[in-house]
Amino acid sequence: MGVVIFVIAALYTRQAGTYAITFGDVLGPTVFPIIVGIPMMLLSASLVVFPTGQVDWPAPQRMWRQLAALAVLVGYTLTLEPLGFPLATFALIALIGIILGGAPWRAVLLGAIMAPALWALFDQLLGLPLDFLGELFVAD
Amino acid sequence: METLSLLGQGFVIALSPLNIGLLLMGCFVGTLLGALPGLGPVNGVAVLIPLTFAFGFDPTSSMILLCAVYFGCMYGGRISSILLNIPGDEPAIMTTLDGYPMAVQGQAANALAISGVASFIGATIAVIGLSLFAPILARAAIHFGPADYFALYILAFATIGGIAGVDPRKTLLSAMIGLVLATVGLDPISGVPRYTFDSFHLYDGVEPIVALVGLFAISEILMLLEKTLKDRPKAIPVGSWLPQWGAIWRTRWAMLRGSGVGFVAGVLPGAGASLGSFMAYVAEKQTSNKKGTFGKGDPRGVAAPEAGNNAASGGALIPMLSLGVPGSGTTAVLLAMLVSLNVQPGPLLFERQPDLVWGLVASLYMANITLLILNLPMIGIFTRLMMTPTWALMPIVAAVTFVGVYSISNSVFDLEMMVFFGVLGYLLRKLDVSLVPLVLGLLLGGDMERNLRRAMSISDGDWSILIASPISIGLYILTAGFLALSVWLAVRDHRQSQADRLTEG
Amino acid sequence: MIFRMMTTAKIGAAMATAMTLTALPASATECIAPSNPGGGWDFTCRTIGRILTELDLVDGNVQVTNMPGGVGAVTFAMVASERPDDAELIVATSTVGITQIAQGRYPAPLDSMRYLAMLGADVGVIAVDDDSPIQSLEELNAAMLEDASAIVTAGSSGAGGWDHIRLLMVADAAGVDDLGAIRWVQFDGGTDAVTQMMGGQIDVVSTDLGEIAGFVESGDIRVLAALSDDPIPAFPDIPTAISQGIDVTGYNWRGLYTGGDVTDAEYAAWVEKLETLYNSEAWQTAATQSGLVPIWRGGEAFEAFVREQADVMEEISRDIGVIE
């Protein structure tokens, strides 16, 4: 990880140098990123040379479940606007519930209760508008 | 004496049936909004502003409602910090450090009670400070120049190494990642877009609440998934549903110290509640962490930051009312509302609108008591929440955070950022890197940079301005003292553990 | 125990429903303030939104959205790309926004929007602390002529923004050559700059009068000059720059734009509504109380004015050296 952060810090510092100082701005937009970037490079380099701690990465089958969960989360961001809030949220709660090891019928039930409940809480009670039906269902 | 009679008049105003009703509603809604991860006091207050217009409340009643929401959020933010390890809003991040470990050890009820009482003490001390010294404090705060703010942030970041984690280098690195993220977006001084990769979504920078819930909530789900079903506890055992009063009493000094530190941070415009709770935690850890229990569920590690953040949010009302300078995001919203109701905050507000000021102060006293009464009985209910099985709890938490963020910004991009931060948070946690410094870096980085650049603009490029004022010199001495103390303690602990090993062997 | 949780939630829900049911239905009209809450654009949206509702010019409440970023650039880009034909949407703008466009800092050109109207203007002022040795604009100019780098000036805009340019226009008119040598410090708002001046960090503030009027009334600061044609009604004692021989005015007008693809009929309807609002007692009071001078320019005339101002601003920025 030290290596990754070192590379990012180096790129960050390099990029900082490209921001031009504009009229009437003494320090300009470049100095602060450099002040942060250089010690960051030093620190990450020291972690590469003198590492501490050991990481047990999860076994491959666990990793699959994590990837599945991420896929559901990303899927939610993609389906929220087309499907509308309650449907997408129902899928999110049910699927994450199943991935976390809940019995499928219970997870589905939970999603079926909580998705409309959350919609009601935010849209109706707190007055934060959320589309009930997504773009797919609403004809222009 | 004059203050007392003015305050008396304030209570007369605050005790009207309408104002009491608004107060109760504000406290309840505020606690709810604060407890939901993804919704903080800024959103909470902003959401209710149209309501005050719709009913045509006068400025005093509107302020009573909104300040009750504000204080309620500050009380509520701690609940999910303690129970779920997910801060409900930005200032509540420090509470995760000791609050969640306490909950895991079956002390959830105590942690909630201590934080509730600490919130009450912190906020009450701040309101007393507000009613007695507001104009004087505001006059003192203006002598804090850009170079002094920069010194204050240096102090904050120098002490960050001590807050958590095994390796101080990793903690510092985490803070630096936060600072890096804080520079993303359009630079307000020069107008240059930085690290935006030509995406307009990044022009406004990284929204702290998005990073916060992503780092904590999403990464928590990923952490849970890597455990096998067997070794994951179904639910955390609850030691007791009722808090022990003795445990609360033992943290009294931590609460008072935290309140003092937080209040000072709040009075300084721009520092705000997050800095208040952070400084309160670090100060408390430095004074009383004799046995190395901080970060492992020390009740004082819950009491100090909670007292600190509530004292800071009360203190932030001082520069807002008497100078018209918002000390935090929430006070900026309150200020906007006052201005649109034709009330001009500033040096003449206390003379011209005594009804508003003292009615508000009186209702803040009442809001504190209400919140304490409201929160203590709810402890039993909230601790039972801990017994909800993970498969049911976490999907709901994920859904609430997504909705909370989306309902405010209406931006799918923000949700994608949340997932990104979830993965980042997961990787960093696996690598033993504490996430708290990252969030602090993100929250404070922008102001730190701007104040450095302002100082340099004032001096026309002469770096010596950074150590030119007595305030900044004092802060640097404090920083040096803090670092020296940490090094000394570390060396002593090292020797101690070596000696232990020798005797054992 | 989940059920018990839900019971408590229900009690809360009932309480909250009681309050929401009585609230007005949210209308589709939205006003975007392209800044954080608290600034001038935010005031424009919140005040105009409130009065539009009070006068029944729109159904229900006007939803005010804060969309900060890039001194309005983020909102501008969003409207240009996503909502160019949304006639329910109005966006607050001002001289500050037009300055940004003139300096090429917005992602889309000026004519990608339709400019509805200006409803009032804030007057720029040059102020010093009440303890400052500088008593008049003449003394300030003399000090700058002697050593331009000796004075630390500040305001709420970044370097090259409208607050900065107004100050440089004054210095330019006084004959200061080395405009780049005058130190400029950006603060997040006019009040921030004024309190820092009271704390002795900076010498001179150039910003709008409205936000800092309280400090003028309390006597904490001394206004050397108002950058207006005539003395400001609320503060008749403040001398104008013109009366002191410096021929500079620096208004910051407040107005609104809507998307570039809004139809002519919808555009005309908005201009008419805003004119009704402008002539109302409520707007005149709200504007004067917050230090604005009510000024009306609407429709075609306003669009022409905006174009002209953008040209002028580009020229000034180039002359002073803010842009190449």
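Calculation criteria
- Residues numbered from 1 in each chain as written.
- Chains lettered and ligands numbered in written order.
- Predicted model: local features only at pLDDT ≥ 70, side-chain atom pairs only at ≥ 80, totals over all residues.
- Heavy atoms only, no water.
- Helix = DSSP H or I, 4+ residues; strand = E, 2+ residues; numbered from the N terminus.
- Buried < 20%, exposed > 50% of the residue type's maximum accessible area, 1.4 Å probe, protein only.
- Contact = heavy atoms within 4.5 Å.
- Areas by Shrake-Rupley, 256 points an atom, 1.4 Å probe, with all protein chains shown as cover.
- Buried area = accessible area lost by both parts, 1.4 Å probe.
- Salt bridge = Lys/Arg side-chain N within 4 Å of Asp/Glu carboxyl O.
- Polar contact = N/O pair within 3.5 Å; in protein donor to acceptor, adjacent residues only side chain to side chain.
- Axes fitted to C-alpha atoms, helices over the stretch in contact; angles between N-to-C directions.
- Parallel < 35°, antiparallel > 145°, perpendicular 65-115°, else oblique.
- Left-handed = near helix turned anticlockwise from the far one by under 90°.
- Domains from an automatic or database assignment.
- Nonpolar A, V, L, I, M, F, W, Y, C, P; charged D, E, K, R; others polar.
- Phe/Tyr/Trp six-rings, centres within 6.5 Å; stacked < 30°, edge-to-face > 60°.

J.: Lay out the overall build of chain A with the relevant residues and their values.
T.: Helix and strand counts for chain A stand at five helices and zero strands. Across chain A, helices and strands are ordered from the amino to the carboxyl terminus as α-α-α-α-α. Sorting the 140 residues of chain A into buried and exposed places 44% on the buried side. Residue pairs in contact within chain A that sit at least 24 positions apart in sequence constitute 55% of those at least 6 positions apart. When the accessible surface of chain A is summed, it comes to about 7200 Å², and 73% of that surface belongs to carbon and sulfur atoms.

J.: I'd like a description of the interface of chain A and chain B, backed by residues and values.
T.: With 63 residues of chain A at the contact, the number on the chain B side is 67 residues. Of the roughly 5900 Å² buried at the junction of chain A and chain B (both faces included), carbon and sulfur atoms supply 79%. Where chain A meets chain B, there are zero salt bridges. Counting the contacts that link chain A with chain B gives 10 residue pairs in polar contact (both at pLDDT 80 or more). Taken together, the elements giving at least two residues each to the side of chain A that touches chain B come down to α1 (2-16), α2 (31-49), α3 (60-83), α4 (85-99) and α5 (104-125) of chain A.

J.: Which residues make up the environment of Leu173 of chain B, and what values do they have?
T.: The residue Leu173 of chain B is located in helix α8 (residues 168-182) in this model. Linking Leu173 of chain B and Leu438 of chain B, residues 265 residues apart in sequence, is a C-alpha distance of 8.3 Å.

J.: Tell me what's going on with the packing of α2 of chain A against α8 of chain B, and back it up with residues and numbers.
T.: Relative to each other, α2 of chain A and α8 of chain B sit at 150°, their axes nearing to 10 Å. It follows that α2 of chain A is roughly antiparallel to α8 of chain B by the angle criterion. Taken as a pair, α2 of chain A and α8 of chain B cross one another with a handedness that is left-handed. Contacts from Phe32, Val36, Pro39, Met40, Leu43, Ser44, Ser46 and Leu47 of chain A of α2 of chain A reach α8 of chain B at Arg169, Lys170, Leu172, Leu173, Met176, Ile177, Leu179 and Val180 of chain B.

J.: I'd love a proper account of the domain arrangement of chain C, names of residues and values included.
T.: Residue and element names in this part refer to chain C. Looking at the assigned domains, one finds that chain C contains domain 1 (9-13 + 123-244) and domain 2 (16-122 + 253-319). Computed from C-alpha coordinates alone, the two centres of domain 1 and domain 2 are separated by 26 Å. At the interface, 12 residues of domain 1 touch 16 residues of domain 2. Interface of domain 1 and domain 2: buried area, both sides summed, is about 1100 Å²; carbon and sulfur atoms make up 59% of it. Counting the contacts that link domain 1 with domain 2 gives one salt bridge. Between Asp208 and Arg254 there is a salt bridge, with its nearest N and O atoms 3.6 Å apart. Where domain 1 touches domain 2, the interface holds two residue pairs in polar contact (both at pLDDT 80 or more). Elements supplying a minimum of two residues to the side of domain 1 that touches domain 2: α1 (2-22), β4 (113-129), α6 (162-173) and α8 (209-217). Looking at the side of domain 1 that touches domain 2 residue by residue, the classes come out as seven nonpolar, four polar and one charged.

J.: How would you summarise the packing of aromatic side chains if you had to cite specific residues and measurements?
T.: Throughout the structure, instances matching the rule amount to 14 aromatic pairs over all chains. Ring centres of Phe420 of chain B and Phe421 of chain B lie 5.4 Å apart, and the angle between their planes is 70°; this geometry places the pair in the edge-to-face category. The partly exposed category is assigned to Phe420 of chain B, whose relative accessible area is 47%. When its relative accessible area of 0% is taken as the criterion, Phe421 of chain B is described as buried. Seen in terms of ring centroids, Phe76 of chain C and Tyr257 of chain C are 5.6 Å apart; in terms of plane orientation they differ by 70°. Their pairing is edge-to-face. A residue pair is termed long-range when its members are at least 10 positions apart, and Phe76 of chain C in helix α3 (residues 73-82) and Tyr257 of chain C in strand β9 (residues 251-259) qualify at 181 residues. A relative accessible area of 0% places Phe76 of chain C in the buried class.

J.: Residue-level account of the interface of chain C and chain B, with values.
T.: The partner chain B presents 51 residues to the 54 residues of chain C that form the contact. For the pair chain C and chain B, the number of links is five salt bridges. Ionic pairing is found between Asp220 of chain C and Arg139 of chain B, a salt bridge with its closest N-O pair at 3.0 Å. Linking chain C with chain B are eight residue pairs in polar contact (both at pLDDT 80 or more), by the criterion used here.

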